[in-house]
Amino acid sequence: MDNDIFEPALQKGALGERLSREEAYGLAEAITPDRLHRLGAAALANRQRRFGRQATYVFNLQINPTNICGSGCTFCNYAASKHAAHAYVLEEPAIFDQVERLGPTEVHIVGGLNQIWPFARNLELVRSLRNRYPELYIKSFTAVEIDYFAKTAGLPESTVLDQLKAAGMDAMPGGGAEIFSDRLYRQHWKNKTSPDGWVRIHQLAHSKGIPTNASMLFGFGDTWDERIEHLLILRQAQDRSGGFSCFIPLPFQPGAGNFIDNGPTPLETLSVLAISRLVLDNIPHLKSYWPMTGLETGAAGLSWGADDMDGTISEEKIAHLAGAATPVGMARAKMEESIITAGFAPVERDGVFSPRGGLQ
Ligand code: V47
Ligand code: SF4
């Protein structure tokens, strides 16, 4: 298909200029091999203007207190019913031991929706971590969990966020957005927060000075139009509230028994990264999430618009229970080697994406 919009869109995108809706949609039309490389080159030019050769990572620890969850999202291999063989519940001493042993810069706390770890217990976990580790960056609870906490604790979402912030939460992760499509929402995650609800809760957090991330799950039956619409909704939300720090596209992992046999190909994942970089002119960071992309594709993503590789992630569970073949954790040296091999300069960062002084 001849597409007159593609070239001008690439040129504007490479310079970091805002693309119109038509240009954004035009990027994803008729991706031929030749166009694919030009798409990648434009996204690389855009990320070089922002970050040069620098590629960041953070020494972080995922804390997933329990995987017990009754939401029944069709794509999720992490959740377990109470008596399932892979159900687990961590207790606070085990969590504190892990933090003490590994000494991360950042923790990322998310879990299933349940009453074993209700709001009060999660709030207390944040408070205890803050008291023990004043310098630790605490990124915790998706919009889906905030929604669930509010409903089950009988509190307004606003109060839940205020209490978490007062207890020491620094930021919210980007999970639970899935893809902003009512068609797929009804099919795959109808028991939890809707696309509108997700955006509303993030904007409420931004109004309180809580920065957040945003994600997009793709490769599970979604269309390119739905992906572009997701990016445009986020771009508009960011224009209004300004609190998104980072965008993370999540390629679907087809775990055992999942409803599709294959996730997106590496080239499709790289195209999503590149288009995200060109469309999201107002979200500073783009994360290539190696536990889900695979390490080589993740590092290649740095040439397709991404500037961040997430973390050394000591024990990631969501991707791995869905069959991801990547190692469950990664040492600093291995992370740096992957970034250097991909042609970039590794920089260890803190939770707010600033270089960590003294460790370079
Ligand atoms: O919302 C669930 C996704 C998300 C599968 O904010 C799956 O820094 C692929 O959002 N295949 C949680 N994805 C993970 C997440 C995240 C990860 C890393 C960093 C940050 C951040 C956020 O995982 C869920 C859901 O969309 N997910 N099952 C699956 N089979
Ligand atoms: Fe539960 Fe989250 Fe999995 Fe959905 S994606 S089933 S809410 S753990």
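## Observations concerning the side chain of Asn46
Along the chain, the position of Asn46 falls in helix H3 (residues 33-51). Asn46 gets classed as buried once you look at its relative accessible area, which sits at 2%. From its side chain, Asn46 meets the backbone oxygen of Gly13 in a polar contact 2.8 Å long. Ignoring anything within four residues of it in the chain, the contact list for Asn46 reads Gly13, Ala14, Gly16, Arg277 and Leu278.

## Overview of the site of ligand 2
Around ligand 2 lies a shell formed by Cys69, Ser71, Gly72, Cys73, Cys76, Tyr78, Ala79 and Lys192. Across the shell around ligand 2, the residue classes tally to 5 nonpolar, 2 polar and 1 charged.

## A short note on the packing of aromatic side chains
Following the criterion strictly, the structure yields 9 aromatic pairs and no others. Centre to centre, the rings of Phe119 and Phe149 are 5.3 Å apart; their planes meet at 40°, and the pair counts as tilted. Linking Phe119 in helix H5 (residues 119-132) with Phe149 in helix H6 (residues 143-153), this pair joins segments that are 30 residues apart in sequence. Across the pair, exposure class does not vary: Phe119 and Phe149 are buried alike. Over the face of the ring belonging to Phe6 we find Arg35, whose NZ or CZ atom lies 4.4 Å from the ring centre. Over the aromatic face of Trp117 sits the side chain of Arg121, whose NZ or CZ is 4.0 Å from the ring centroid.

## Observations concerning helix H10 (residues 224-241)
Here H10 spans 26 Å end to end across 18 residues, near enough to the 26 Å set by a 1.5 Å rise per residue. Residues Glu226, Arg227, Ile228, His230, Leu231, Leu232, Leu234, Arg235, Ala237 and Gln238 constitute the buried set of H10. Those residues of H10 that are buried are in contact with helix H2 (21-27), helix H8 (182-188), helix H9 (195-207), strand S5 (212-218), strand S6 (244-251) and helix H11 (266-279).

## With respect to the environment of Gly301
Within the secondary structure layout, Gly301 lies in the loop between helix H13 (295-300) and strand S8 (308-311). Given the relative accessible area of 0%, Gly301 is considered buried. The spatial distance from the C-alpha of Gly301 to the C-alpha of Trp290 is 9.2 Å, given a sequence separation of 11 residues. Dropping the residues within four chain positions of it, Gly301 is found in contact with Leu270, Leu273, Ser288 and Ala306.

## Structural notes on the site of ligand 1
Among the 23 residues in the neighbourhood of ligand 1, the closest are listed as Lys139, Gly174, Gly176, Glu178 and Lys287. Here a nitrogen atom of ligand 1 sits 2.8 Å away from a polar atom, N or O, in the main chain of Gln253. Taken by itself ligand 1 offers 610 Å² of open surface, and the protein chains cover 95% of this. Those elements that provide at least two residues to the shell around ligand 1 are S5 and S6.

## Points about the packing of helix H4 (residues 92-102) against H5
Running from amino to carboxyl end, H4 crosses H5 at an angle of 35°, the nearest separation of the two axes being 12 Å. Here H4 runs over H5; the crossing is right-handed. Two secondary-structure elements touch here, H4 through Glu92, Ile95, Phe96 and Val99 and H5 through Arg121, Leu125, Ser128, Leu129 and Arg132. Split by residue class, the contact of H4 with H5 holds 5 nonpolar, 1 polar and 3 charged.

## As for H6
Residues Ala143, Val144, Glu145, Ile146, Asp147, Phe149 and Ala150 constitute the buried set of H6. Looking at the residues trailing H6, positive phi occurs at Gly154, about 65°.

## A closer look at the sheet that holds strand S2 (residues 60-63)
As summarised here, the arrangement of the 3 strands in space is S2-S3-S4, forming an open sheet in which the pairing is parallel. Only two strands of the sheet have a single partner each, and these edge strands are S2 and strand S4 (137-140). Pairs of neighbouring strands in the sheet enclose a mean axial angle of 20°, with direction left out of account. Two elements, S2 and strand S3 (residues 106-109), share 4 bridges in a ladder whose sense is parallel. When the bridges of S3 are listed, Leu61 appears paired with Val107. Its contacts with the sheet put H4 on S2 and S3, and the angle it makes with S2 is roughly 170°.

## Quick word on the packing of H10 against H11
Where H10 meets H11, the closest approach of the two axes is 10 Å, and the angle between their N-to-C directions is 35°. The two elements H10 and H11 cross, and the hand of that crossing is right-handed. Residue-level contacts link Trp224, Arg227, Ile228, Leu231, Leu232 and Arg235 of H10 to Glu268, Ser271, Val272, Ile275, Ser276 and Val279 of H11. Classifying every residue of the contact of H10 with H11 by side-chain character gives 7 nonpolar, 2 polar and 3 charged.

Reading the values: the criteria
- Residues numbered from 1 in each chain as written.
- Chains lettered and ligands numbered in written order.
- Predicted model: local features only at pLDDT ≥ 70, side-chain atom pairs only at ≥ 80, totals over all residues.
- Heavy atoms only, no water.
- Helix = DSSP H or I, 4+ residues; strand = E, 2+ residues; numbered from the N terminus.
- Buried < 20%, exposed > 50% of the residue type's maximum accessible area, 1.4 Å probe, protein only.
- Polar contact = N/O pair within 3.5 Å; in protein donor to acceptor, adjacent residues only side chain to side chain.
- Contact = heavy atoms within 4.5 Å.
- Near = heavy atom within 4 Å.
- Nonpolar A, V, L, I, M, F, W, Y, C, P; charged D, E, K, R; others polar.
- Phe/Tyr/Trp six-rings, centres within 6.5 Å; stacked < 30°, edge-to-face > 60°.
- Lys NZ or Arg CZ within 6 Å of the ring centre and 35° of its normal.
- Expected span 1.5 Å × (residues − 1).
- Areas by Shrake-Rupley, 256 points an atom, 1.4 Å probe, with all protein chains shown as cover.
- Axes fitted to C-alpha atoms, helices over the stretch in contact; angles between N-to-C directions.
- Left-handed = near helix turned anticlockwise from the far one by under 90°.
- Pairing = 2+ DSSP bridges.

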